Amino acid sequence: MSAVYHYNPDLLTDDGLRAQFVVRNSLLRTFVTALRSAQPGHHLVLGQRGMGKTTFLRRIHLAIRDDAKLRGRWMPLSFPEEQYNVGSLADFWANCVDALADSLERTGKATEAAQLDARIDRLDRSAPAAALEILLDTARSLSRGLVLLVDNLDIVLSRLTEREQWEFRQVLGGDFPIILIGGSADLQGEASQYGKSFYEFLHVHPLPALSVAETNELLAALATRTGGESGARLAQVPGGRIQSFHALT
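Residues numbered from 1 in each chain as written. Predicted model: local features only at pLDDT ≥ 70, side-chain atom pairs only at ≥ 80, totals over all residues. Heavy atoms only, no water.

Colleague: Mind showing me how you'd approach helix α7 (residues 128–142) here?
Modeller: An α-helix turns once every 3.6 residues. As a result, residues three or four positions apart point the same way. If you check α7, its first and last C-alpha atoms are 22 Å apart, about what 15 residues at 1.5 Å a residue would give, namely 21 Å. What α7 keeps buried is the set Ala131, Leu132, Ile134, Leu135, Leu136, Thr138, Ala139 and Leu142. Along its buried surface, α7 packs onto β2 (74–78), α5 (89–106), α6 (110–121), β3 (145–150), α9 (162–172) and β4 (178–184). Ser143 sits one or two residues past α7 and shows a positive phi near 55°. (Helix = DSSP H or I, 4+ residues; strand = E, 2+ residues; numbered from the N terminus. Expected span 1.5 Å × (residues − 1). Buried < 20%, exposed > 50% of the residue type's maximum accessible area, 1.4 Å probe, protein only. Contact = heavy atoms within 4.5 Å.)

Here it is, written out as structure tokens:
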């Protein structure tokens, strides 16, 4: 019987996440198509807490790794759901460098990871330009663009000064391909107010509530994945009870 982690997708294995991700595939295909295009743009996944933003961002990461063409073009960088240490743009770029080092290690690029770790050891983490230079140098050496999968993007942006927000946007609009895909529980501040740094800069993708049919599909997948007695009970839940469950949740 396979384990199912109800509240923390980071506890799932890659295969477990692929198996458990069953009802947002249409939106996932939208992102894959964008990343294959000449101008992918920058994106925001918008949804209330618990709607699956963290899971969706991680699924995009896997989709890039699973696709040979995307894997050859992009390096996806993932971050903790809460980046508590971000107090400036320098902190954010330093986190990107750390995430790139982790990604190199996970994908078996030991030599590149060791070279990057050596530069990280000498990094002045108070200087935004220093971390950004290391990030771009390494990405150029890999001949890949970067996809930044930033959860709680609104919180990250709120911790930057107005000048830093505009500097961040300038980098994203620069010559080197860096794609921002963020998750947020609310569209506010820098992304929603006219004249602010990220106003009309992001393509917004709301995560709608699941339909009854999608709820059925999800429960069927969970029944298959859990197996055993608990899976059998899930598979035998009457349709009316599922509709009630859907209405309550």
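Colleague: Would you mind going over the environment of Asp186 with me for this structure?
Modeller: By the element assignment, Asp186 lies in the loop between β4 and β5 (203–206). Asp186 sits 138 residues away from Gln48 along the chain, and the two C-alpha atoms are 7.3 Å apart. With residues up to four places along the chain from it excluded, the contact list for Asp186 reads Leu46 and Asp154.

Colleague: Teacher, can you tell me more about the confidence of the model for the protein here?
Modeller: Low pLDDT means the predicted coordinates in that region are not meant to be read closely. Of all residues in the protein, 86% have pLDDT values of 70 or greater, and the mean over the chain is 86. Ranking the helices and strands of the protein by mean pLDDT puts β3 first, with 97, and helix α11 (residues 228–235) last, with 60. (pLDDT = per-residue confidence, 0-100.)

Colleague: Explanation requested: the sheet that holds β2 in the structure shown.
Modeller: Hydrogen bonding along the main chain pairs the strands of a sheet, whether they run parallel or antiparallel. Overall, parallel pairing links the 5 strands, which are arranged β2-β3-β4-β1-β5 in an open sheet. With partners counted over all chains shown, the strands left at the sheet margins are β2 and β5, one partner each. Direction aside, the axes of adjacent strands within the sheet are offset by 15° on average. Note: strand β1 (residues 43–46) against β4, 4 bridges, orientation parallel. Within β4, the residue paired with His43 across the bridge is Ile181. (Pairing = 2+ DSSP bridges. Axes fitted to C-alpha atoms, helices over the stretch in contact; angles between N-to-C directions.)

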